[in-house]
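Breakdown of the fold
One letter stands for each residue in the lines below.
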Amino acid sequence: YLTKRLTELNLSLPVGSVHRTRANCLGYCARGPIMVIYPEGIWYHSCTPEVIERILEQHILRDQVVEEYV
């Protein structure tokens, strides 16, 4: 979902400035899939497509942390 949305929003490299990488285990599985936003170092939990959309809209596009999922 994330890859598709980054492409649709023209945020992924080389057009945009967002680089998505996959990681194996980051050691925090209790609250579902996670995302880490750098350089801020903000960790988001429970990353369903709906949550990812909020993170993209609020954090990536408007620089507002989605506190509910930090």
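Residues numbered from 1 in each chain as written. Predicted model: local features only at pLDDT ≥ 70, side-chain atom pairs only at ≥ 80, totals over all residues. Heavy atoms only, no water.

**Overview of the overall build of the protein**
When its secondary structure is counted, the protein shows two helices and two strands. Its C-alpha atoms give the protein a radius of gyration of 12 Å, near enough to 11 Å, the size a compact globule of 70 residues would have. Restricting the contact set of the protein to residue pairs at least 6 apart, pairs at least 24 apart contribute 26%. Per element, the accessible surface of the protein, about 5000 Å² overall, is 54% carbon and sulfur. (Helix = DSSP H or I, 4+ residues; strand = E, 2+ residues; numbered from the N terminus. Rg over C-alpha atoms; globule rule 2.2 N^0.38 Å. Contact = heavy atoms within 4.5 Å. Areas by Shrake-Rupley, 256 points an atom, 1.4 Å probe, with all protein chains shown as cover.)

**Notes on the pattern of salt bridges**
In the structure shown here, the tally under the stated rule is five salt bridges. The closest approach of N and O atoms between Glu8 and Arg5, which form a salt bridge, is 2.7 Å. Remark: Arg5 and Glu8 occur in helix H1 (residues 2-8); sequence separation between them is three residues, near one turn of the helix. For Arg54, the salt bridge goes to Glu68, with nearest N and O atoms at 2.9 Å. Taken together, the positions of Arg54 in helix H2 (residues 49-62) and Glu68 in the segment after H2 put the pair 14 residues apart, joining distant regions of the chain. In this structure Arg54 comes out as partly exposed when scored by relative accessible area, which is 32%. Via salt bridges that share partners, Lys4, Arg5, Glu8, Glu53 and Glu57 belong to a single interconnected network. (Salt bridge = Lys/Arg side-chain N within 4 Å of Asp/Glu carboxyl O. Buried < 20%, exposed > 50% of the residue type's maximum accessible area, 1.4 Å probe, protein only.)

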